[in-house]
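Close look at the chain arrangement
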Amino acid sequence: MALLDKSVPENLPPVLDATADQPPLFDGTTRLYTAYTCPFAQRVWITRNYKGLQDKIHLVPLNLQSRPSWYGEKVYSVNRVPALEHNGKIIGESLDLIKYLDSNFEGQSLLPDDPAKKEFAEELFSYTDTFNKTVFTSFKGDVAKEAGSAFNYLENALHKFDDGPFLLGQFSLVDIAYIPFVERFQIFLSEVFKYDITAGRPKLAAWIEEINKLGAYKQTKTDPKELVEFYKKRILGQ
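Residues numbered from 1 in each chain as written. Predicted model: local features only at pLDDT ≥ 70, side-chain atom pairs only at ≥ 80, totals over all residues. Heavy atoms only, no water.

**Comments concerning unusual backbone geometry**
Cis rather than trans, the peptide bond between Val81 and Pro82 has omega equal to 5°. Mapped onto the fold, Pro82 is located in the loop between helix 2 (69-75) and strand 3 (83-86). With a phi angle near 65°, Asn79 is a residue other than glycine that sits in the positive phi range. Secondary-structure assignment places Asn79 in the loop between helix 2 and strand 3. With a phi close to 50°, Asn87 is a non-glycine residue in the positive phi region. In this fold, Asn87 is placed in the loop between strand 3 and strand 4 (89-92). For Asn87, a relative accessible area of 62% translates into the label exposed. (Helix = DSSP H or I, 4+ residues; strand = E, 2+ residues; numbered from the N terminus. Buried < 20%, exposed > 50% of the residue type's maximum accessible area, 1.4 Å probe, protein only.)

**So, the packing of aromatic side chains**
Throughout the structure, instances matching the rule amount to 22 aromatic pairs. Ring plane angle 85° and centroid distance 5.1 Å describe the contact between Phe136 and Phe185, whose orientation is recorded as edge-to-face. Here Phe136 is found in helix 4 (residues 115-138), whereas its partner Phe185 is found in helix 6 (residues 173-193), with 49 residues between them in sequence. Residue class for Phe185 comes out buried when judged on its relative accessible area of 1%. A ring pair is formed by Phe139 and Phe188, whose centres lie 4.7 Å apart and whose planes are at 55°; its orientation type is tilted. Residue Phe139 is located in the loop between helix 4 and helix 5 (143-157), and its partner Phe188 is located in helix 6; the two are separated by 49 residues in the primary sequence. (Phe/Tyr/Trp six-rings, centres within 6.5 Å; stacked < 30°, edge-to-face > 60°.)

**Examining the sheet that holds strand 2 (residues 57-61)**
The pairing of strands in a sheet comes from backbone hydrogen bonds and takes either a parallel or an antiparallel form. Here 4 strands make up an open sheet; going across it, the order is 2-1-3-4 and the pairing mixed. Of all the strands in the sheet, just strand 2 and strand 4 have a single pairing partner and so form its edges. Across the sheet, the axes of successive neighbouring strands diverge by a mean angle of 25°, strand direction being ignored. In the sheet, strand 1 (residues 30-34) pairs with strand 3 via 3 bridges, with the strands oriented antiparallel. From the neighbouring strand, Arg31 faces strand 3, where its bridge partner is Glu85. Across the face of the sheet, helix 1 (residues 39-50) comes into contact with strand 1 and strand 2 while running at roughly 145° to strand 1. (Pairing = 2+ DSSP bridges. Axes fitted to C-alpha atoms, helices over the stretch in contact; angles between N-to-C directions. Contact = heavy atoms within 4.5 Å.)

**Section: the pairing of strand 2**
A large share of strand 2 lies buried, amounting to 4 of its 5 residues. Pairing analysis gives 5 bridges linking strand 1 to strand 2, with the strands arranged parallel. Bridging from a neighbouring strand, Tyr33 pairs with Val60 of strand 2. At this point the chain moves from strand 1, through helix 1, to the parallel strand 2, and the crossover so formed is right-handed. (Right-handed = clockwise from strand over helix to strand, strands pointing away.)

**Focus on the layout of surface pockets**
In this structure, the largest pocket encloses a volume near 980 Å³. Residue lining of the largest pocket: 36 residues in total, with Cys38, Pro39, Phe40, Val81 and Arg234 positioned closest to the centre. Elements with a minimum of two residues in the lining of the largest pocket: helix 1, helix 3 (94-104), helix 4, helix 6 and helix 9 (224-236). Element by element, the count of residues in the lining of the largest pocket is highest for helix 9, at 6 residues. Residue composition of the lining of the largest pocket, by class: 19 nonpolar, 6 polar and 11 charged. (1 Å grid on protein atoms, 1.4 Å probe; cavity = no way out; pocket = protein on both sides within 12 Å on 5 of 7 lines; lining within 4 Å. Points joined across faces, edges and corners; volume = space filled by probe spheres on them. Nonpolar A, V, L, I, M, F, W, Y, C, P; charged D, E, K, R; others polar.)

**A word on the side chain of Asn132**
Along the polypeptide, Asn132 turns up in helix 4. Once you skip the residues sitting within four places of it in the chain, Asn132 turns out to touch Arg43, Phe181 and Phe185.

**Structural notes on the pairing of strand 3**
Side chains Ala83 and Glu85 of strand 3 all project onto a buried face; the interleaved residues Leu84 and His86 project onto the opposite face, where all are buried too. Note that strand 3 and strand 4 share 4 bridges and pair antiparallel. Bridge pairing links Ala83 to Gly92 in strand 4. Two successive antiparallel strands, strand 3 and strand 4, enclose a turn made up of 2 residues, where Asn87 displays a positive phi of approximately 50°.

Printed below as a string of structure tokens:
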């Protein structure tokens with residue numbers, strides 16, 4: 001059964017910096033502490049949107065360059081985003097959180113029942129860190145050769161199920177786990193290294209195109225210029 005994107009347009013709350021007051025804690029409101037430019041937090045933001053939980057889970061966007069001291073001291077001692085405030089506790093780690101949202105909130109599941117797809121989903125989840133590290137490391141080496149292996153992995157994965165254009169055929173948490181990073185890598189590699197991640201990878205090109213049709217994802221995207229400048233500074237020291 002095809003899943004339906006239940007997201008609606010929303011006015012995003014303003015970003016909180018070091019001068020901002022702390023919102024109430026454990027007052028019964030479910031809050032997603034996030035940063036609009038963070039790919040890990042974007043995973044949870046997309047999941048929230050897609051499942052139609054925008055009224056149930058309030059966004060608390062933080063400025064990571066000038067983050068409020070109360071966040072690390074009183075909310076989440078790890079002092080990273082994303083973190084979810086729900087039922088009197090704080091939960092972190094983006095891959096755990098997208099599964100948590102899928103299991104603990106209403107709406108159609110974003111993980112399949114099919115055992116073969118379930119098994120492949122776990123394989124793809126476990127590869128996400130390797131994927132990100134491989135591509136990030138390539139920025140300082142041979143981009144086409146080093147990053148190419150990571151994008152080939154996704155291209156091959158997209159051939160496994162033919163009942164849709166996504167990694168498990170139908171849209172799932174696995175797509176959500178990868179797209180924030182693919183979004184950034186595609187822009188940065190094209191702009192700085194003139195490397196097209198979709199060249200010779202038709203399935204990957206179609207996958208990106210399909211995800212870009214989803215409102216749940218579109219409203220979480222970062223301005224491409226901001227992304228390029230951020231990575232130039234952070235990775236290339238420019």
